[in-house]
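# Structural characterization, general
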Amino acid sequence: KKLGWAVVGLGKFATQQIIPSFSQCKQSKLVALVSGDRAKAENYARQYNVNPKNIYNYENYDSLRNNPEVDIIYIVLPNGLHAEYTIRGAQAGKHILCEKPMANTVEECQAMIAACNQANRKLMIAYRAQYEPFNLEAIAIAQKKQLGQLKAIVADHGRNLDPKDPADVWRMNKKLAGGGSLFDIGIYSLQAARYITGEEPTEVCAMTYSTPNDPRFKEVEENVNFILRFPSGVLANCTSSYGYSSTKRFQVFGSNGTLELDPATDYYRHQLTVKREKVQEERQIQEQNQFALEMDHLSESVMQDRQPKTPGEEGLQDVRLMLAIYEAARTGRTISVDSRE
Ligand code: NAD
């Protein structure tokens with residue numbers, strides 16, 4: 001059985017990655033589109049066999065309530081709109097998959113979780129790397145102690161923000177983006193440190209830098225370097241940039257070996273190298289469509305009435321930590337981020 005999905009926002013990521021990936025899904029099918037541009041939606045509807053009666057806009061979005069074909073709504077809008085559309089979607093009786101970062105503030109994240117709980121609907125944050133086979137193998141290697149005792153993680157995520165790309169225009173706007181490179185891609189460095197250790201950090205310190213007079217960085221930051229301290233003693237050094245050329249990688253250092261995933265969080269063609277006792281081995285892992293795996297995970301969680309692996313609380317934790325990283329950079333102090341609230 002396949003559950004019916006509505007995709008909200010027909011931007012670059014939704015149209016180039018998400019919508020084409022439904023063809024690889026076993027438990028999810030695209031049945032509705034939500035867009036401010038009717039002609040664009042009709043084009044995609046034709047191409048992907050969506051009934052034109054299931055095209056919605058941002059005004060009549062709430063009437064999805066009356067459409068029993070739609071079980072799950074996938075929010076692929078600019079970050080500053082995630083909270084509103086998640087809450088309205090839950091109130092329309094639908095389960096929600098929301099893109100990362102979950103929202104701009106802790107309060108918004110809490111309101112999203114509350115709205116989904118109140119409506120008795122599932123809420124999942126689209127942390128695709130946690131459904132992607134190379135990342136899952138790296139997690140298994142670290143957690144089975146195949147590298148010995150973990151000591152350090154280095155994670156780097158960056159790219160050049162392109163003001164000519166419409167998808168990057170809202171990313172320069174603090175209200176729509178929530179933050180700069182950290183909220184957009186540094187979040188993958190933060191996620192990697194958390195899922196590789198399986199722990200929550202206790203302290204963060206950080207520095208930021210934005211090129212003076214670069215018009216891209218009037219409202220949001222260019223670079224953030226941050227260090228996370230984990231309870232086991234692991235220290236993670238992470239970088240995040242809107243100024244260096246495309247980088248998406250992490251390394252894990254243990255007492256008996258190291259691993260490197262580079263690229264770690266691309267859409268495909270990941271590469272995992274494990275080095276132990278001077279023997280270097282490239283792991284052969286079957287590449288799979290991570291977007292399909294991720295969407296099917298939520299469909300399955302709904303069908304089996306189980307909490308998804310990356311629920312709203314996971315998104316909230318990253319927003320809390322990213323705001324603590326900004327505070328650390330602003331104050332020059334190490335910030336305690338002890339427990340989940
Ligand atoms: P995009 O600009 O290409 O798409 C956003 C869509 O929202 C556009 O179609 C735009 O028309 C629409 N929109 C509706 N109201 C808007 C408003 N007020 N201002 C601006 N646009 C508005 O951006 P994108 O790169 O597709 O990113 C969308 C979301 O997906 C973001 O939350 C982003 O973080 C996330 N994303 C995730 C991944 C991933 O790998 N998981 C990759 C890219 C983007």
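As the structure is a prediction and not an experimental result, all values here were calculated from the model.

### Concerning the sheet that holds strand S13 (residues 272-276)
In space, the 9 strands of this open sheet follow the order S14-S13-S12-S11-S7-S10-S9-S8-S15, with mixed pairing throughout. Each edge of the open sheet is held by one strand with a lone partner, namely strand S14 (279-282) and strand S15 (335-336). In the packing of helix H8 (residues 181-197) onto the sheet, the strands contacted are strand S7 (150-158), strand S9 (223-229), strand S10 (235-241) and strand S11 (247-254), and the crossing angle to S7 comes to about 160°. Sheet strands touched by helix H10 (residues 312-331): strand S8 (203-209), S9 and S15. Its angle to S8, the strand with the most contacts, is close to 65°.

### Thoughts on the packing of H8 against H10
Where H8 meets H10, the axes come as close as 10 Å, and the angle between the chain directions of the two elements is 110°. In terms of their interaxial angle, H8 and H10 are classed as roughly perpendicular. Where H8 abuts H10, its residues Leu182, Phe183, Ile187, Leu190, Gln191 and Arg194 lie against Glu314, Gln317, Asp318, Leu321, Met322, Leu323, Ile325 and Tyr326. Residues that form the contact of H8 with H10 fall into these classes: 9 nonpolar, 2 polar and 3 charged.

### Observations regarding the pattern of salt bridges
Considering all chains together, one arrives at 21 salt bridges under this definition. Between Lys53 and Glu69 there is a salt bridge, with its nearest N and O atoms 2.9 Å apart. Here Glu69 lies in the loop between strand S3 (55-56) and strand S4 (72-75) and Lys53 lies in the loop between helix H2 (38-48) and S3, a separation of 16 residues in the sequence. You can call Glu69 partly exposed: its relative accessible area is 39%. Note that Asp305 and Lys122 form a salt bridge whose closest N and O atoms lie 2.7 Å from each other. Here Lys122 lies in the loop between helix H4 (106-118) and strand S6 (123-125) and Asp305 lies in the loop between helix H9 (290-303) and H10, a separation of 183 residues in the sequence. Each of Lys100, Arg159, Asp168, Arg171 and Asp184 takes part in a single network of salt bridges with overlapping partners.

### Focus on the sheet that holds strand S2 (residues 28-34)
Sheet architecture is open: 6 strands sit in the order S3-S2-S1-S4-S5-S6, paired in parallel fashion. Both edges of this open sheet fall to S3 and S6, since each of them pairs with a single strand only. Of the strand pairs in this sheet, strand S1 (residues 3-8) and S2 are connected by 6 bridges, and their pairing is parallel. The partner of Leu3 across the bridge, within S2, is Ser28. The strands touched by helix H3 (residues 82-91) within the sheet are S4, strand S5 (95-98) and S6, with S5 carrying the most contacts at an inclination of about 165°. Strands S1, S2, S4, S5 and S6 of the sheet are contacted by H9, whose axis makes an angle of about 130° with S1.

### Describing the site of the ligand
Near the ligand you find 21 residues, and of these Lys12, Asn79, Lys100, Arg128 and Trp170 are the closest. Asn79 is positioned such that a nitrogen or oxygen atom in its side chain is 2.7 Å from an oxygen atom of the ligand. At 3.1 Å, a side-chain N or O of Tyr188 approaches an oxygen atom of the ligand. The protein chains hide 79% of the 840 Å² of surface that the ligand would expose on its own. For the ligand, the cavity whose grid points lie within 2 Å of the majority of its atoms is the largest pocket. Considered class by class, the residues forming the shell around the ligand number 12 nonpolar, 3 polar and 6 charged. Counting contributing residues, the shell around the ligand receives three or more from each of domain 1 (3-127 + 291-309) and domain 2 (129-289 + 319-336).

### A word on the domain arrangement of the protein chain
It is common to report an interface's size as the accessible area lost on association of the parts. One can read the domain layout of the protein chain as domain 1 (3-127 + 291-309) and domain 2 (129-289 + 319-336). Inter-centroid distance (C-alpha atoms) of domain 1 to domain 2 is 26 Å. The interface is formed by 25 residues belonging to domain 1 together with 25 residues belonging to domain 2. Regarding the contact of domain 1 and domain 2, the summed buried area is about 2100 Å², with carbon and sulfur atoms giving 60% of it.

Criteria and thresholds
Residues numbered from 1 in each chain as written. Predicted model: local features only at pLDDT ≥ 70, side-chain atom pairs only at ≥ 80, totals over all residues. Heavy atoms only, no water. Pairing = 2+ DSSP bridges. Helix = DSSP H or I, 4+ residues; strand = E, 2+ residues; numbered from the N terminus. Contact = heavy atoms within 4.5 Å. Axes fitted to C-alpha atoms, helices over the stretch in contact; angles between N-to-C directions. Parallel < 35°, antiparallel > 145°, perpendicular 65-115°, else oblique. Nonpolar A, V, L, I, M, F, W, Y, C, P; charged D, E, K, R; others polar. Salt bridge = Lys/Arg side-chain N within 4 Å of Asp/Glu carboxyl O. Buried < 20%, exposed > 50% of the residue type's maximum accessible area, 1.4 Å probe, protein only. Near = heavy atom within 4 Å. Polar contact = N/O pair within 3.5 Å; in protein donor to acceptor, adjacent residues only side chain to side chain. Areas by Shrake-Rupley, 256 points an atom, 1.4 Å probe, with all protein chains shown as cover. 1 Å grid on protein atoms, 1.4 Å probe; cavity = no way out; pocket = protein on both sides within 12 Å on 5 of 7 lines; lining within 4 Å. Sits in = over half its atoms within 2 Å of the grid points. Domains from an automatic or database assignment. Buried area = accessible area lost by both parts, 1.4 Å probe.

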